[in-house]
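If you want the building blocks of each chain, they are given just below.
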Amino acid sequence: MAYLAAAVTLPLALLLTGVLAMQAWRLADNRAMENSWAWLQAQAPATVEAFDPAMVEGLPDAARRYFLYTIAPGTPLHVVSEIHMSGEIGLGSKEAPGYRPMRARQILAPPHGFIWHLERAGTGLVQMSGSDGMANGRSWTRFWLNGTLPVARAGGDDNHLRASFGRAVAEAAFWAPAALLPQHGVRWEETGVRWEETGEPNLARAIITHGTLEQAIEIAVAENGQPRWVQFQRWSNANPEKEWRLQPFGGYLDNFQSFEGFTLPTKVEAGNHFGTEAYFPFFRVRVREVRFAVS
């Protein structure tokens, strides 16, 4: 009987040890995310200027119209946004998207970084949670299945950091336009033809530098200044070869609403290989709330 008791007790002890280790790992992930979230919040200046259209007078026409549409005169120029969203995330491929309902919140502090906190994706017994982010010169991807099993972990290298910086910059054009003002060192160029000649949105090109990182993005700007879509060449390994290389990424913006003087999209669809036949919009969200952090 003693041998039988030992044979039963040992596996149970090992199982319990494994469960506790996983929980400790998950708690460490959560603490790291919360500390990074607080660091990004602290990047918000204690005082901010109010927007004056004269700030953008010297910009290319498309860029000027973009700012005049997204920021009302007199708006405090907050550069750190917190976004609450729900929608769908595709966990498969273009041919079999595998969309799952999801809910998430995000802090966006360009060019310093972002955290996308996936609170829940999926339903029933199979749900994912975790975070994707960049803060204080580091980036990560950490997702868990049912809060107990790690299913996606990446980061800690230059490739991942470069890819994450691209996301932070592109999403600034969605939800943190004040961070793209020229006073922050952003360079603006106009590309393509003007809308007066074609009736189609023309492109404003922004180039953002942060330390050794640099990213250019293009914003399609309608006649009234509304941004229709954003695209950029992202450093990514989301391809069949799993090779790190530049490839198109982008998203469509719609259903604009006003948040404390900013006019921002509340419907966003985005994905890899934007503008090509391989485009897969794995990210489809509706924004419920946008708030602005202050130190």
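Throughout what follows, the structure given in this document is the object of discussion. (Residues numbered from 1 in each chain as written. Predicted model: local features only at pLDDT ≥ 70, side-chain atom pairs only at ≥ 80, totals over all residues. Heavy atoms only, no water.)

1. Considering the overall build of the chain
Looking only at helices and strands, one finds four helices and 13 strands in the chain. When each of the 295 residues of the chain is scored for burial, the buried share is 47%. Contacts in the chain between residues at least 24 apart in sequence constitute 52% of all its contacts with a sequence separation of at least 6. Within the structure as shown, the chain displays about 14300 Å² of accessible surface, and the carbon and sulfur contribution to it stands at 55%. (Helix = DSSP H or I, 4+ residues; strand = E, 2+ residues; numbered from the N terminus. Buried < 20%, exposed > 50% of the residue type's maximum accessible area, 1.4 Å probe, protein only. Contact = heavy atoms within 4.5 Å. Areas by Shrake-Rupley, 256 points an atom, 1.4 Å probe, with all protein chains shown as cover.)

2. So, the nonpolar core
Judged by nonpolar contacts, the single largest core of 73 residues is most densely connected at F67, M102, W116, W175, L180, W188 and I217. If you tally residues by element for this core, the top one is helix α3 (residues 158–175), at nine residues. Those residues in contact with M102 that sit more than four places away from it in its chain are S86, G87, E88, I89, W116, L118, R120, A121, F283 and V285. (Core = buried A, V, L, I, M, F, W, Y, C linked by side-chain atoms within 4.5 Å.)

3. A closer look at the side chain of Q226
By the secondary structure assignment, Q226 is in the loop between β9 (213–221) and β10 (227–236). Those residues in contact with Q226 that sit more than four places away from it in its chain are Y69, A220, V221 and F256.

4. Brief notes about the environment of P110
Secondary-structure assignment places P110 in the loop between β2 (99–109) and β3 (113–123). A C-alpha to C-alpha distance of 9.6 Å links P110 and R167, two positions 57 residues apart in sequence. Setting aside its immediate chain neighbours within four residues, P110 contacts V79, A168, A172, A176 and A179.

5. Let's talk about the packing of aromatic side chains
Summed over all chains, the structure comprises 17 aromatic pairs. Ring geometry for F274 and Y279: centres 5.4 Å apart, planes at 85°, overall edge-to-face. No difference in accessibility class separates F274 from Y279, as the two residues are buried. Chaining the aromatic ring pairs together yields one cluster made of Y99, F232, F249, F280 and F282. Over the ring of F249 we find R234, and its NZ or CZ is 5.0 Å from the ring centre. (Phe/Tyr/Trp six-rings, centres within 6.5 Å; stacked < 30°, edge-to-face > 60°. Lys NZ or Arg CZ within 6 Å of the ring centre and 35° of its normal.)

6. What about the pairing of strand β1 (residues 81–90)?
A large share of β1 lies buried, amounting to seven of its ten residues. Across ten bridges, the pairing between β1 and β2 is antiparallel. Of the residues in β2, the one forming a bridge with E82 is I107. Sheet topology places β1 next to strand β13 (residues 280–292); nine bridges connect them, and they run antiparallel. Paired with H84 across the two strands is E289, which belongs to β13. (Pairing = 2+ DSSP bridges.)

7. Here's the deal with the pattern of salt bridges
Oppositely charged side chains are able to pair whenever their charged atoms sit close together. Tallying each qualifying case throughout the model produces 14 salt bridges. Its salt-bridge partner being D29, residue R153 comes within 2.8 Å of it at the nearest N-O pair. Pair noted here: R153 is in strand β6 (residues 149–155) and D29 is in helix α1 (residues 2–41), with a separation of 124 residues, a long-range link. The exposure class of D29 is buried, given its relative accessible area of 9%. R284 is the salt-bridge partner of E88, the closest N and O atoms lying 2.4 Å from each other. Of the two residues, E88 sits in strand β1 while R284 sits in strand β13, which places them 196 residues apart along the sequence. Residues joined in a network through salt bridges with shared partners are D29, R142 and R153. (Salt bridge = Lys/Arg side-chain N within 4 Å of Asp/Glu carboxyl O.)

8. Quick word on unusual backbone geometry
For the bond from P110 to P111, the omega torsion is 0°, close enough to zero to count as cis. Along the chain, P111 falls in the loop between β2 and β3. You will see that N255, though not glycine, has its phi angle at about 50°, which is positive. Inspection of the secondary structure assignment puts N255 in strand β11 (residues 245–259).

9. Considering helix α2 (residues 61–70)
Among the ten residues of α2, eight are classified as buried, and the element is accordingly described as predominantly covered. For α2, the set of buried residues is D61, A62, A63, R65, Y66, F67, Y69 and T70.

Coordinates in, geometry out; function isn't part of it.
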